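Here is how the chains run, residue by residue.
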Amino acid sequence: MNRLMELKQEIEVQKGNLIKLLESDAEIEEIYELNYRLDDLIVKYYRILREIEKLKT
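Cut-off values and rules
- Residues numbered from 1 in each chain as written.
- Predicted model: local features only at pLDDT ≥ 70, side-chain atom pairs only at ≥ 80, totals over all residues.
- Heavy atoms only, no water.
- Helix = DSSP H or I, 4+ residues; strand = E, 2+ residues; numbered from the N terminus.
- Expected span 1.5 Å × (residues − 1).
- Contact = heavy atoms within 4.5 Å.
- Patch = residues over 30% accessible without salt bridge, like charges linked within 9 Å, V, L, I, M, F, W, Y side chains within 5 Å.
- Areas by Shrake-Rupley, 256 points an atom, 1.4 Å probe, with all protein chains shown as cover.
- Salt bridge = Lys/Arg side-chain N within 4 Å of Asp/Glu carboxyl O.
- Lys, Arg positive; Asp, Glu negative; His and termini not counted.
- Charge placed at Lys NZ, Arg CZ, Asp CG, Glu CD.
- Buried < 20%, exposed > 50% of the residue type's maximum accessible area, 1.4 Å probe, protein only.

## A word on helix H1 (residues 2–23)
Thought 1: The first and last C-alpha atoms of H1 sit 32 Å apart over 22 residues, in line with the 32 Å expected at 1.5 Å per residue.
Thought 2: Turning to H1, the residues buried within the fold contact helix H2 (28–56).

## Examining a negative patch on the surface
Thought 1: Judged by side-chain charge, Glu-27, Glu-29, Glu-30 and Glu-33 come together as a negatively charged surface patch.
Thought 2: If you trace the backbone, Glu-27 turns up in the loop between H1 and H2.
Thought 3: Judged by relative accessible area, which is 49%, Glu-27 ranks as partly exposed.

Here you go:
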């Protein structure tokens, strides 16, 4: 559960960073890189949620 909360917090931080980049004159490569990082965090988050659900059943 602790890892899940850490991931959730990191997702929120990276989401904020992505919004800042989108509002700035950032290079598209920077935006893509951060977007991929955010996607990776979200996938990890939902994999952990799925494992927790499996353990409950």
